[in-house]
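# Inside the fold
So you can see what is in the structure, the chains are spelled out below.
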Amino acid sequence: MNIIKIGGNITLKEELICKITDKDIGEIPIDMKNPRLRLAARGIITREDGKIALQKKCNTNEFKLIGGGIENEEEPSLAFKREVLEEAGCIVEIIEQLGITEEYISMKNAKQISYIFVAKVINDLHTLELTEKEKNEGAELLWVTPEEALKLVKDSYDKLLPSNYVEEYDVYRMRFIALRDRWILERYLNLEIKSDKN
């Protein structure tokens with residue numbers, strides 16, 4: 001595992017949480033030629049009551065962790081904090097970085113690397129700054145237990161509906177997201193169980 005110092009007390013772990021390909025969602029991969037690389041930051045946001053943030057998209061039956069793309073030269077931890085402020089309306093303190101995920105989305109000729117963080121809410125502003133796409137997909141913020149979040153994400157996998165707003169955001173792409181977030185939640189819950197035993 002590589003660890004990269006990015007300032008303050010935050011380091012980036014290159015530990016791979018999961019690598020997802022078309023095979024993992026039941027598709028046959030096609031050869032990718034110079035795939036478009038997207039870097040992202042996402043993760044687990046906890047409140048004092050132990051509940052975590054989850055975004056529900058009513059019009060696509062999707063449940064996903066909070067996060068999104070890294071803009072320009074933004075550090076992953078700052079991108080995560082910005083995404084949390086936009087999608088969950090919260091100011092957070094990052095506790096740790098769990099690692100990274102890799103998605104090889106061959107039908108879109110794309111690769112996505114996500115930096116996965118765990119953070120706690122410092123201040124809930126109760127104001128979301130959703131994109132037009134998120135609004136049109138009926139995005140809402142939920143606070144649920146980590147176990148409920150995992151169940152919602154897992155159960156949504158076979159119930160996903162295509163977005164009417166963005167053509168490229170289809171069920172194929174959403175399956176990568178659901179599987180990625182499932183494996184992130186499973187890793188998080190496994191770590192929580194281990195820390196409870198100590």
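Here, the structure is the one placed above.
Residues numbered from 1 in each chain as written. Predicted model: local features only at pLDDT ≥ 70, side-chain atom pairs only at ≥ 80, totals over all residues. Heavy atoms only, no water.

## A short note on the overall build of the chain
The helix and strand inventory of the chain stands at four helices and 10 strands. In sequence order, the secondary structure elements of the chain are arranged as β-β-β-β-β-β-β-α-β-β-α-β-α-α. Out of the 198 residues in the chain, the part that is buried amounts to 48%. Taking contacts inside the chain between residues at least 6 apart in sequence as the whole, the part at least 24 apart equals 74%. In the form shown here, the chain has an accessible surface area of approximately 10,300 Å², with 48% of it arising from carbon and sulfur atoms. (Helix = DSSP H or I, 4+ residues; strand = E, 2+ residues; numbered from the N terminus. Buried < 20%, exposed > 50% of the residue type's maximum accessible area, 1.4 Å probe, protein only. Contact = heavy atoms within 4.5 Å. Areas by Shrake-Rupley, 256 points an atom, 1.4 Å probe, with all protein chains shown as cover.)

## Regarding the nonpolar core
In this structure, Ile 44, Leu 54 and Leu 185 are the most contacted members of the largest nonpolar core, which totals 26 residues. Elements that contribute at least two residues to this core include exactly strand E3 (16–20), strand E5 (52–57), strand E8 (90–105), strand E9 (110–124), helix H3 (146–156) and helix H4 (171–197). It is H4 that contributes the most residues to this core, eight residues altogether. In this structure Leu 54 touches Phe 63, Lys 64, Leu 65, Ile 66, Glu 140, Leu 141, Leu 142, Val 144, Ala 149, Leu 152 and Val 153, once residues within four positions along its chain are discounted. Listed in part, the 18 residues of the second largest apolar core include Ile 45, Ala 79, Phe 117 and Trp 143. (Core = buried A, V, L, I, M, F, W, Y, C linked by side-chain atoms within 4.5 Å.)

## Quick notes on the pattern of salt bridges
With the rule as written, the count across this model stands at 15 salt bridges. Among the ionic pairs, Arg 47 bridges to Asp 49, the shortest N-O distance being 2.7 Å. Here Asp 49 falls in the partly exposed class, since its relative accessible area comes to 47%. Between Arg 82 and Glu 71 there is a salt bridge; the shortest N-O distance is 3.5 Å. Linking Arg 82 in helix H1 (residues 76–88) with Glu 71 in the loop between strand E7 (66–69) and H1, this pair joins segments that are 11 residues apart in sequence. A residue is classified by how much of its surface remains accessible, and Arg 82, at 17% relative accessible area, is buried. With relative accessibility at 44%, the residue Glu 71 sits in the partly exposed group. (Salt bridge = Lys/Arg side-chain N within 4 Å of Asp/Glu carboxyl O.)

## A word on the pairing of E9
Two faces make up the sheet, and in a regular strand the side chains alternate between them. Summarising the sheet, strand E4 (residues 36–46) and E9 pair through 11 bridges and their orientation is parallel. If you follow Arg 42 over to E9, its bridge partner there is Ile 116. In the sheet, E8 pairs with E9 via 14 bridges, with the strands oriented antiparallel. By the bridge assignment, Ile 100 is partnered in E9 with Tyr 115. In this antiparallel pair of consecutive strands, E8 and E9, the connection spans four residues, and Asn 109 shows a positive phi of 50°. (Pairing = 2+ DSSP bridges.)

## Structural notes on the environment of Ser 114
When you line up the elements, Ser 114 lands in strand E9. A relative accessible area of 0% places Ser 114 in the buried class. In the structure, Ser 114 is positioned 14 residues away from Ile 100 in sequence and 5.4 Å away in space, judged by C-alpha atoms. Once residues within four sequence positions are removed from consideration, Ser 114 is found in contact with Ala 40, Arg 42, Gly 99, Ile 100, Thr 101, Glu 103 and Arg 180. Only 3.4 Å separates the side chain of Ser 114 from the side chain of Gln 112, close enough to count as a polar contact. (Polar contact = N/O pair within 3.5 Å; in protein donor to acceptor, adjacent residues only side chain to side chain.)

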